[in-house]
Each structure stands twice: as C-alpha cells, then as structure tokens.
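For reference, the chains in residue letters:
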Amino acid sequence: MPEGLLGQLEVFFTWQNALLWLRATGTTVAMAVVGCGVGFVLANLLVLVRTWPSRWLLPLRVLIVLYVEVFRRIPFLVLIFLVLFTTRALGLHMPLFAVACVTVTVTATAFIAEIVRAGYESVHRNQWESAAVMNFGRLRTVALVVLPQAWTVIVPPAFSYFVMFIKETSLASQVGVYELMQAGKYFNNVGVSPFLAFGTCLAIYFALSYPLTRVGWRIERRLAHRFRRTSPAEPLAAPPVVGP
Amino acid sequence: MAQIELRGVSARYPSGGQVLDGVSLVVDKGEVVSIIGPSGSGKSTLLRVLVGLLPPSAGEVWLDGSRLDYADRKALTAARARLAIVFQQFNLFQNMTALDNVTVTPVKIRREPKASARARGEALLRRVGLGDKLGAYPDELSGGQQQRVALARALALGPEILLLDEVTSALDPEMVNEVLDAIRDLANEGITMLIVSHEMAFVREVSDRVVMMADGAVVETGPPGQIFDAPRTERCREFVSKILRH
C-alpha cells in the first residue's frame, strides 16, 4: 500500500487537481458562511419578535417557537432532501448549491435563535427597565444595551456552531453538491487511493476548522476580559414586559 | 398646582396579588414628598407605576392636569421624558462607562449634540464628586459611586420630576451620606421629588410632606413634624415608634 500511495502522489498533486480541491473548499466555506450569515441575521429577527411584548404578536411567537423547536431536531441530511424535493415539486429548479445554502440557513436560523435568546436572557431585567424609562424603545434597547452585553454569551457557542457547520455541510454531497466530501468521492471514484482522497478531505476540514476554533477562542477571551462586568443580581428567565 | 395626582390607583403584578390598593396622592410642583412604610407596603411599586413599568390596574394618574393613558405609547413616552427615576439597584448600563451612562440618552435618544451632552455629563459627574471616574465602568465603582452616577444620569435628562427609590438601601453605611448630600442639594433647587426611603432623619430633613403607606394603601399624609412626632393614625404611630426605637 505505501508504494501504491507514493506512486499516486505525483499524479494526484497537480495544478488541475488543486483547482478542483480549491473549488470544493470554496463551496464548503460558501455554504457555511452564507447559511450561518443569513441565519444569524434571521435568528436575531426571530428573537426580537419572540421577545417583543405585544399580545398581537402572539401567533407569530408561537410559530417562531414551533420553527425553532422543529428545525433544531431535524437531521441536516433529511432536511436537505426535503428542501430539494419541495423546491422541485414547486417547480423551482434551484441550483444544488442554492438548495444546500437554504438548508444550512433554515437549520442555522433555528440553532442560532436559541443561542441569541440565551444571550438576551443573560442580561438582567433592570437593564431593560432602565432603557424603557429613558424612552429607548425596543430596538435601541437591544442595539445599545442588550446585545453589547449578550455578546459574551452569544459569540462563543455561535462560533462553535459555525465551525461545526463547516463539517456538517459534507452531507450536501448526498444531493450532488460539489463540495469537499464530494471531491473526495470523485477522486476515489477515478482511482485515487481512499486514504489519499479522504485524507486530503480531512486535512482541508482541519485546516479550515482549527484556525476558526482558535479565532473563536481568542474572541471569547477578549469578550470575557472586556465584559467581565456583570449585573449585580441574577438574571431572569425572560426579558421583562416594560410597557408598550 | 398639582403636578402629579393619583386617583384611586391600584396595581397588581402579573404573577401575584394586589400591591397597590386605591392610592390617592397629590404632589405639587417643586414639592419634596417622601414615602415611608414597611417592606411590601407598595412604596417602590408606586414609583414603578408612575414611570409605566407597571401600568395601573385601576385608577388614574394625572400629570400637570392631563390624564396619563398608559396604553398610549406616545403619551407614555412624553410622560417619561418629564420624569427620571433612580433605582435602588442603580441599574447602570453595564456595558457603558460612567460618562456614557450619563450621556447615552441625551445623545442617542434626544439627539442632542454629542459635544454639549458630554460637557454637561462631565459637569454633572463632577458635581456628584466623580470627575475622576468618567471612564470607569460600573463594576469598577463602589455602590455609592454607582448610585451617584445613576443620580447624574437622571439629572442629565433635565427632569421636571425626580423619583428616588430607596437609593441608599443597597449601600454600605459609610456611603449613604455621600448620596444623601447630593440629593439634599437637589431638594434645595426646587425640583419636584418623590422619595422612597428608610432614612428617617433624612426624610424628616428634606421633605415638605411625608406619606406613610401600608398594605398598598396610603395610611397617613402630613408634614414631617406630624408624621414623626404626632401621628394621627394608630398604624402610623406603630410604624414610627418601631423605626425610631432603632
């Protein structure tokens, strides 16, 4: 086997193959970045609506809770097939990359919404009350007071989730998206040793994940240092109702 | 003329029973009114009702002759623009420095020029003895210092009415005087103040009128001399005798 592997190295490490790996890596990163990026924005909107103290929004709040609870429990592989066949059934012939991005976004939104909600809840109710009596309004309270304090709670798990999702996107290969795992399968199918093909996958996944994990760790440390300040009393389970 | 008028105000927390039961009270412009009473009598709740953190379940609140409709967002915003409250637990924004705490509302909410708001904020912090703590975060300040920042923050809003909710109860005894001195100065300036306090000597000194509450209702109202030296109700006499004994 070692002789066979060594013999393949020269054929394997070519510019043409490198470009194929690069394209696959780009697709993997793009799926995670687009899905988690859009998911992060949508998750913040969902949490804003979910914690908005208006009885008129109750039906919407119920829908949001259902969405979060359901989509956090559906495996990524099941969901990507669901998105693929639903869009096909609706006559939307989206590119496979778009199908994968939608799937990542749907899942990421549900997961990140829970992380953001936990961040909101970590901020003491007296911060909400102070802002309310000074006429901040809900959006300004969140932007100026709550989110800056909640970052310490939101960023570390959100970053871990992002790194996890880079690996999770390997399942997009099941519907034919040309990403890292699919590239590994391709090279294996054209005769490259599985050790070399999937070993390269492993190396690239690690090369993507490890620096991101370190960046996340650094951000976490920096935030912990900057916001070592904590509220004087324990936080409540949910943001309080502070007037209309 | 009555600046604040409460007519039969009742309130209840969503999770519990009645905390205010038909409170009626009139506060004139420039008057300093202190509210005393045992724990759980509804003193702090009364202030929370006034600023709209707990809308009344019955009764009416009038400000300068206009009934305050708590369901009307604009009316509540307008009322809150005239009021300022200093909380028992300071409630400073933990992510902001002392100066930012004082200037954030003038700059971000009232759209005042940043330079003038900062200059006023610095002056207010110097006035309460914190000129050297402008860049300090709340957790870098002592309880007394935080409470004085909270006072400066309230004053930066230029309120017509200042509500003080047991502002010394969370402080160490040696820090109480520095906060009381700052409030004493304000009382002399003619700002309308509603003070909830357990500092009876202070209440007697600064108040034009004292309101004694128990079980969510007003038991007795009168000048400090009456409440502390010659209470007219048995409940007030009992409370005053207990606290003056300690």
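Residues numbered from 1 in each chain as written. Chains lettered and ligands numbered in written order. Predicted model: local features only at pLDDT ≥ 70, side-chain atom pairs only at ≥ 80, totals over all residues. Heavy atoms only, no water.

Trainee: I'd like to hear about the interface of chain B and chain A, residue by residue, with values.
Mentor: Taken residue by residue, the interface counts 29 residues in chain B and 27 residues in chain A. Summing both sides of the interface, chain B and chain A together bury roughly 2500 Å²; the carbon and sulfur share of this comes to 56%. The tally of links from chain B across to chain A stands at one salt bridge. One salt bridge in this structure joins Arg 48 of chain B and Glu 129 of chain A, with 2.6 Å as the shortest N-O distance. By residue number, the principal contributor to the side of chain B that touches chain A is helix α2 (residues 73-82) of chain B, which donates five residues. (Contact = heavy atoms within 4.5 Å. Buried area = accessible area lost by both parts, 1.4 Å probe. Salt bridge = Lys/Arg side-chain N within 4 Å of Asp/Glu carboxyl O. Helix = DSSP H or I, 4+ residues; strand = E, 2+ residues; numbered from the N terminus.)

Trainee: Describe the sheet that holds strand β4 (residues 58-63) of chain B, and please don't skip the residues or the numbers.
Mentor: Residue and element names in this part refer to chain B. Read across the sheet, four strands follow the order β2-β1-β4-β5 without closing on themselves; strand pairing throughout is antiparallel. Only two strands of the sheet have a single neighbouring strand rather than two, namely β2 (18-28) and β5 (66-67). As paired strands, strand β1 (residues 2-12) and β2 are joined by seven bridges and run antiparallel to one another. Each bridged residue has a counterpart across the sheet, and for Val 9 the counterpart in β2 is Val 23. Where helix α1 (residues 43-50) meets the sheet, its contacts fall on β1, β2 and β4, and the angle it forms with β2 comes to roughly 70°. (Pairing = 2+ DSSP bridges. Axes fitted to C-alpha atoms, helices over the stretch in contact; angles between N-to-C directions.)

Trainee: Go over empty space enclosed by the protein, please, and point to the residues and values.
Mentor: In this approach a probe as big as a water molecule rolls over the atoms, and the regions it shows empty are the leftover space. Following the criterion strictly, the structure yields one cavity of 30 Å³ or more and no others. Taken as a whole, the largest cavity holds about 100 Å³ of empty space. Val 133 and Met 134 of chain A together with Ala 84, Ile 85 and Leu 157 of chain B are the residues nearest the centre of the largest cavity, which is lined by 15 residues in total. At the level of elements, α6 (125-133) of chain A together with β6 (83-86) and α5 (143-156) of chain B are the ones that each hand at least two residues to the lining of the largest cavity. In terms of residue count, β6 of chain B provides more of the lining of the largest cavity than any other element does, four residues in total. Split into classes, the residues belonging to the lining of the largest cavity amount to twelve nonpolar, one polar and two charged. (1 Å grid on protein atoms, 1.4 Å probe; cavity = no way out; pocket = protein on both sides within 12 Å on 5 of 7 lines; lining within 4 Å. Points joined across faces, edges and corners; volume = space filled by probe spheres on them. Nonpolar A, V, L, I, M, F, W, Y, C, P; charged D, E, K, R; others polar.)

Trainee: Outline the sheet that holds strand β9 (residues 209-214) of chain B, listing residues and values.
Mentor: Strand-to-strand pairing in sheets goes through backbone hydrogen bonds, with the strands running parallel or antiparallel. All names here are of chain B. Taken in spatial order, the six strands of this open sheet run β6-β7-β8-β3-β9-β10, and their pairing is mixed. The open sheet has two edge strands with one neighbour each: β6 and β10 (217-222). For this sheet the average axis-to-axis angle between neighbouring strands, irrespective of direction, equals 20°. Bridge analysis of strand β3 (residues 32-36) against β9 gives four bridges, and the strand direction is parallel. Paired with Ile 36 across the strands is Met 212, a residue of β9. Where α5 meets the sheet, its contacts fall on β6 and β7 (161-165), and the angle it forms with β6 comes to roughly 175°.

Trainee: I'd love a proper account of the packing of aromatic side chains, names of residues and values included.
Mentor: Evaluated as defined, the whole model comprises 15 aromatic pairs over all chains. Put simply, the rings of Phe 12, Phe 13, Trp 21, Tyr 186 and Phe 187 of chain A touch in pairs and so form one group of aromatic residues. Its end group placed over the ring of Trp 62 of chain B, Arg 7 of chain B keeps NZ or CZ at 4.2 Å from the ring centre. Its end group placed over the ring of Phe 93 of chain B, Arg 153 of chain B keeps NZ or CZ at 4.9 Å from the ring centre. (Phe/Tyr/Trp six-rings, centres within 6.5 Å; stacked < 30°, edge-to-face > 60°. Lys NZ or Arg CZ within 6 Å of the ring centre and 35° of its normal.)

Trainee: How would you summarise α6 of chain A if you had to cite specific residues and measurements?
Mentor: In terms of residue burial, α6 of chain A counts as a mostly covered element, since eight of its nine residues are buried. Every buried residue of α6 of chain A is accounted for by Asn 126, Gln 127, Trp 128, Glu 129, Ser 130, Ala 131, Ala 132 and Val 133 of chain A. Against the buried residues of α6 of chain A lie α5 (96-122) and α7 (137-168) of chain A together with α1, α2, β6 and α5 of chain B. Two residues or fewer after α6 of chain A comes Asn 135 of chain A, characterised by a positive phi angle close to 60°. (Buried < 20%, exposed > 50% of the residue type's maximum accessible area, 1.4 Å probe, protein only.)

Trainee: Quick rundown of the confidence of the model for chain A? Include the residues and the values.
Mentor: Taken residue by residue, chain A gives an average pLDDT of 88. The fraction at 70 or more is 91%. In the predicted structure, residues 230-244 of chain A sits below a pLDDT of 50 and forms 40 contacts with residues beyond four places in sequence or in another chain. (pLDDT = per-residue confidence, 0-100.)

Trainee: So, the state of the cysteines: which residues are in play, and what are the values?
Mentor: For the coordinates displayed, the defined rule picks out zero disulfides over all chains. Counting only cysteine sulfurs, Cys 36 of chain A is the nearest neighbor of Cys 101 of chain A, a cysteine outside any disulfide, at a range of 10 Å. (Disulfide = S-S within 2.5 Å.)

Trainee: Can you explain the pattern of salt bridges? Please cite residues and give values.
Mentor: Tallied over the full model, the rule gives 17 salt bridges over all chains. In this structure, Arg 117 of chain A and Glu 121 of chain A form a salt bridge, with 2.7 Å as the shortest nitrogen-oxygen distance. Within this pair, Arg 117 of chain A and its partner Glu 121 of chain A are both found in helix α5, separated by four residues, close to a single helical turn. Salt-bridge contacts for Glu 112 of chain B lead to Arg 120 of chain B; the nearest nitrogen and oxygen are separated by 3.0 Å. Accessibility expressed as a relative area gives 32% for Arg 120 of chain B, which makes it partly exposed.

Trainee: Lay out helix α3 (residues 98-109) of chain B in plain terms, naming residues and giving numbers.
Mentor: In a regular helix each residue adds 1.5 Å, so twelve residues correspond to 16 Å; α3 of chain B covers 17 Å between its end C-alpha atoms and thus fits that length. The buried fraction of α3 of chain B is high, at ten of twelve residues. Listing the buried residues of α3 of chain B in full gives Ala 98, Leu 99, Asn 101, Val 102, Thr 103, Val 104, Thr 105, Pro 106, Val 107 and Ile 109 of chain B. Packing partners of the buried residues in α3 of chain B comprise α7 of chain A together with α4 (114-127) and α5 of chain B. Where α3 of chain B ends, the next residue or the one after it, Arg 111 of chain B, has phi of about 55°, a positive value. (Expected span 1.5 Å × (residues − 1).)

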